[in-house]
Amino acid sequence: MSTLAELLLNGVALGSVYALIALGFVVVFRATEVVNFAHASLLLAGGYVTAVLHDDIGFWPALLAGVAGAAAVGAAVEFLVMRRYRGSDHSVLAIVTIGVDILLTTELTRRIGTDVLALGDPWGDAVLTLGPLSLAHTRVAAFTAAALLITAFLLAFRYTSWGVAMRAAAESAETAALMGVRLGRVSLGAWAVAGGLAAVAALFLTVFPTPGLERATSLAALKAFPAAILGGLDSTTGALVGGLLVGVTESLATGYQGDLTFLGRGLGDLAPYLVMTAVLLVRPAGLFGTKELARV
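Predicted model only: the values in this text are computed from it and were never measured.

Enumeration according to the criterion identifies eight aromatic pairs in this entry. Ring centres 5.7 Å apart and planes at 45° place the aromatic pair Phe-37 and Phe-225 in the tilted group. Note that Phe-37 is positioned in the loop between α1 (2–32) and α2 (39–57) and Phe-225 in helix α9 (residues 220–231), a separation of 188 residues in sequence. With relative accessibility at 34%, the residue Phe-37 sits in the partly exposed group. Ring centres 5.7 Å apart and planes at 20° place the aromatic pair Phe-153 and Phe-157 in the stacked group. Here Phe-157 and Phe-153 lie together in helix α5 (residues 137–159), a separation of four residues that amounts to about one turn. Owing to a relative accessible area of 8%, Phe-157 belongs among the buried residues under this scheme. Among the aromatic residues, those joined into a cluster by ring pairs are Phe-59, Trp-60, Trp-123 and Phe-204. When the ring centre of Phe-79 is taken as reference, the NZ or CZ atom of Arg-84 above it lies at 5.6 Å.

Written as structure tokens, this is what we have:
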């Protein structure tokens, strides 16, 4: 029973990090109706800036620089690339983001090379012991940071003018534009927010028990993609629920993999996609996604 509880706690902490990444997917989709496949490179960019700067300026300033850097990269991609294709088919824009991701990831992996970069976090390998349960301090910090950031985002999304503008653009971009909403500014802000969230997620994906930032770290964003899909790409609540589901599923599948050898190895990596497929078979729009109705 203690093993199950420990796996669940670790799964919730890991799922909260996935929720941050999934929220980035959702923010861009709600603002532009485009699936942002360049999100993985934003995550890698934020983590790289933090890793490079922490020795010189300290961890917390480096983390702020990483968040600002990833947000700036996201905003630059929107302004220099995506805005040039405004009005194009959404599938074309999604393909453009794949190209952007390839370019950014190639350059970042060239800089990282074969190194594994530490981010200089203050938690180290410390472990919190609660009776028979053990939980790394990094997991506690991940859950706390994700909870604060998601709460702050949801409040801003509901009560600020930027959030109102984004909700209006998500409902009907043409109507919002006619009412004076600057769609370009909404889109720019969405990409910047997505980059900042990805940078924070990069931190908690590369601290203990993970050895550090490496060229394959960006692949973690692919695990959060099922979270966004099964929760609903247009639902902020769905991103949170989807992230927790994916995190708990991965943690349980990895923890009990020894008892499930008949299913093959690597079940923990496959489990999120199995859950996504099962949910989509029942609810094609995701758990909280909006069904599109078309009059014929």
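Here we come to the nonpolar core. If you look at the biggest cluster of nonpolar residues, it comprises 70 residues, and the most contacted ones within it are Ile-21, Phe-204 and Leu-205. Looking at this core, the element that brings in the most residues is α1, giving 13 residues. Residue contacts for Ile-21: discarding those within four places in its chain leaves His-39, Leu-43, Ala-201, Leu-205, Ala-221 and Ala-224.

A word on the UniProt feature "transmembrane region" (unreviewed entry) in the protein. As recorded in UniProt, the sites labelled "transmembrane region" (unreviewed entry) are residues 12–29, 59–80, 92–113, 133–157, 188–208 and 270–290. For the annotated span residues 12–29, helix accounts for 100% and strand for 0% of the residues, and the straight-line distance between the end C-alpha atoms is 25 Å. The span residues 59–80 is 100% helical and 0% strand by assignment, and the distance between its end C-alpha atoms comes to 31 Å.

This part takes up the confidence of the model for the protein. Averaged over every residue, the pLDDT of the protein is 88; residues scoring 70 or more account for 95%. Ranking the elements of the protein by mean pLDDT puts helix α7 (residues 173–178) last, at 82, and helix α3 (residues 59–80) first, at 96.

Residue Pro-209 follows Phe-208 across a cis peptide bond; omega there is 10°. Within the secondary structure layout, Pro-209 lies in the loop between α8 (183–206) and α9. Here Glu-33, not a glycine, exhibits a phi torsion of approximately 60°, which is positive. Within the fold, Glu-33 resides in the loop between α1 and α2.

Rules used throughout
Residues numbered from 1 in each chain as written. Predicted model: local features only at pLDDT ≥ 70, side-chain atom pairs only at ≥ 80, totals over all residues. Heavy atoms only, no water. Phe/Tyr/Trp six-rings, centres within 6.5 Å; stacked < 30°, edge-to-face > 60°. Helix = DSSP H or I, 4+ residues; strand = E, 2+ residues; numbered from the N terminus. Buried < 20%, exposed > 50% of the residue type's maximum accessible area, 1.4 Å probe, protein only. Lys NZ or Arg CZ within 6 Å of the ring centre and 35° of its normal. Core = buried A, V, L, I, M, F, W, Y, C linked by side-chain atoms within 4.5 Å. Contact = heavy atoms within 4.5 Å. UniProt positions renumbered as here; feature names shortened; annotations may be inferred. pLDDT = per-residue confidence, 0-100.

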